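Fold and contact review
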Amino acid sequence: MLGFLSAPKCCQYVEGFFKLRAQTSRRITESCLSEERIRRFISENTEVVVGRSLTPEIKLRLFTPNCRFWRERPELWPFTDPYWAIYWPGGQALSRYILDNPDVCRGRAVLDLGSGCGASSIAAKLCCAAHVVANDIDPVAAVVTKLNCELNNVEPPVCVTDNMIGSDPTDFDLILLGDMFYDEALTDSLHRWLDRCIKTHGTKVLIGDPGRAQFEGHVIRKLLHHLAQFELPESVREENYGLISSNVWCYRCKL
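Residues numbered from 1 in each chain as written. Predicted model: local features only at pLDDT ≥ 70, side-chain atom pairs only at ≥ 80, totals over all residues. Heavy atoms only, no water.

Side note on the overall build of the protein chain
To keep it simple, the criterion reads: Per the convention used, a helix needs a DSSP run of H or I reaching at least four residues, while a strand needs a run of E reaching at least two, with both numbered from the N terminus. Working definition: with a 1.4 Å probe on protein chains only, accessible area under 20% of the residue-type maximum means buried, over 50% means exposed, and in between means partly exposed. Should any heavy atoms of two residues lie within 4.5 Å, those residues are counted as being in contact. The protein chains shown are the only cover counted for residues, whose accessible areas, like all others here, come from Shrake-Rupley with a 1.4 Å probe.
Secondary structure summary: the protein chain contains nine helices and nine strands in total. The buried share of the protein chain, reckoned over its 255 residues, is 57%. Summarising the internal contacts of the protein chain: among those between residues at least 6 apart in sequence, 72% fall at separations of at least 24. Per element, the accessible surface of the protein chain, about 11,100 Å² overall, is 48% carbon and sulfur.

Section: the environment of isoleucine 175
By the element assignment, isoleucine 175 lies in strand 6 (residues 174-178). Classification of isoleucine 175 as buried rests on a relative accessible area of 0%.

What to know about the packing of helix 3 (residues 35-45) against helix 6 (residues 139-151)
Two measures define how a pair of helices packs: the angle their axes make with one another and the distance between the axes. For clarity, the cut-off: Inter-axis angles, ranging from 0 to 180 degrees, are taken between N-to-C directions of lines fitted to C-alpha atoms, where helices are fitted over the stretch in contact. Any angle from 65 to 115 degrees is called roughly perpendicular, while one under 35 is roughly parallel, one over 145 is roughly antiparallel, and all others are oblique. If you view the pair so one helix is near and one far, a crossing is left-handed when the near helix is turned anticlockwise from the far one by less than a right angle, and right-handed when it is turned clockwise. Just so you know the grouping, Ala, Val, Leu, Ile, Met, Phe, Trp, Tyr, Cys and Pro go in nonpolar, Asp, Glu, Lys and Arg go in charged, and all remaining residues, Gly too, go in polar.
The geometry of helix 3 relative to helix 6 is characterised by a closest axis approach of 10 Å and an angle of 70° between their N-to-C directions. For the element pair helix 3 / helix 6, the angle class is roughly perpendicular. In the packing of helix 3 onto helix 6, the handedness of the crossing is right-handed. Residue-level inspection shows Glu35, Ile38, Arg39, Ile42 and Ser43 of helix 3 in contact with helix 6, the latter providing Val140, Val143, Val144, Lys146, Leu147 and Glu150. Of the residues belonging to the contact of helix 3 with helix 6, the class tally is six nonpolar, one polar and four charged.

Focus: the confidence of the model for the protein chain
Heads up, the condition is: What pLDDT conveys is the predictor's confidence in a given residue, as a value from 0 to 100.
Here the protein chain shows a mean pLDDT of 87. Residues at 70 or above account for 86%. Note that pLDDT drops below 50 for residues 6-29; the model gives that stretch 52 contacts with residues more than four away or on any other chain.

Quick look at the pairing of strand 6
Note the following rule: When DSSP finds two or more bridges between two strands, those strands count as paired.
Within strand 6, five of the five residues are buried, leaving the element largely enclosed by the surrounding structure. Burial along strand 6 is two-sided: Leu174, Leu176 and Gly178 facing one way and Ile175 and Leu177 facing the other are all buried. In this sheet, strand 6 lies alongside strand 3 (residues 109-113) in parallel orientation, the contact comprising four bridges. Within strand 6, the position partnered with leucine 113 by the bridge is leucine 177. Bridge analysis of strand 6 against strand 7 (residues 204-209) gives five bridges, and the strand direction is parallel.

Structural notes on the packing of aromatic side chains
Formally: Only rings of Phe, Tyr and Trp enter the pairing, Trp through its six-membered ring, and a pair is recorded when the two centres are within 6.5 Å. The plane angle decides the type: under 30 degrees is stacked, over 60 is edge-to-face, the rest tilted.
Scanning the entire structure with this criterion turns up eleven aromatic pairs. Each ring, one from phenylalanine 63 and one from tryptophan 77, has its centre 5.5 Å from the other, and the planes form 90°; the classification is edge-to-face. On the criterion of sequence distance, the pair formed by phenylalanine 63 in the loop between strand 2 (60-62) and helix 4 (89-100) and tryptophan 77 in the loop between strand 2 and helix 4 is long-range, its members being 14 residues apart. Classification of phenylalanine 63 as buried rests on a relative accessible area of 5%. Arranged with centres 5.8 Å apart and planes meeting at 80°, the rings of tryptophan 77 and phenylalanine 79 form a pair that is edge-to-face.

A word on helix 3
Along an α-helix, residues three or four apart share an orientation, since each turn contains 3.6 residues. What counts here: Summarising the geometry, the arc corresponds to the directions from the helix axis toward the C-beta atoms.
Every buried residue of helix 3 is listed here: Ile38, Arg39, Phe41, Ile42 and Asn45. Projection of helix 3 onto a plane perpendicular to its axis shows the buried side chains occupying an angular sector of 165°, all on one side. Taken together, the buried residues of helix 3 touch strand 2 and helix 6.

Okay, structure coming up:
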């Protein structure tokens, strides 16, 4: 199993991912590399995956057992930890829900927060969203999102690598969050920001999560309306500590 994103760590990526988002240094500064070089490296070290997820109609470049870095020593990976290389169960459920309910995105301006591999952005594009922004602070994730859009024959979204949590969301009708509630401090921050987005701008918020403890035990959980539950494919269960399903929620703040 992938050394630095093994199955147990996949489900406990809470601390590492949050710390990663606070880091300013990288093993290689991505901005010093041309996008073309990053694209080539990613293309050589990932595999195009079709099926084996809740959205078999979406093709994605991911890590699989066939990839070099699935078992390679973590220190040999030249960038920050590649969380975009896993199609997390919350993102899968969110993308499935969007594809099953295209009117959710049709004609809307959408922000995909913590976009990772870009699957939810792609789903929004396929459902005729008017404008999509994919936000992930890892610059490599932005490159991967563009590669994945090419695989699915959709125009890439606008990719933003600044931290948009706390920003003014006036330009968005809909915010998508898949697998973002993995840390109590981050969840507190998201809670405050999403409340403001809804109260100030009437933004709709959809959340995908497989039921992580940090999510289920937080006060935000009481403010959510359950929209859908999806049974995870066997391969996804094996990679995520045996989680069997993933859910989609609509956020409703206290007005």
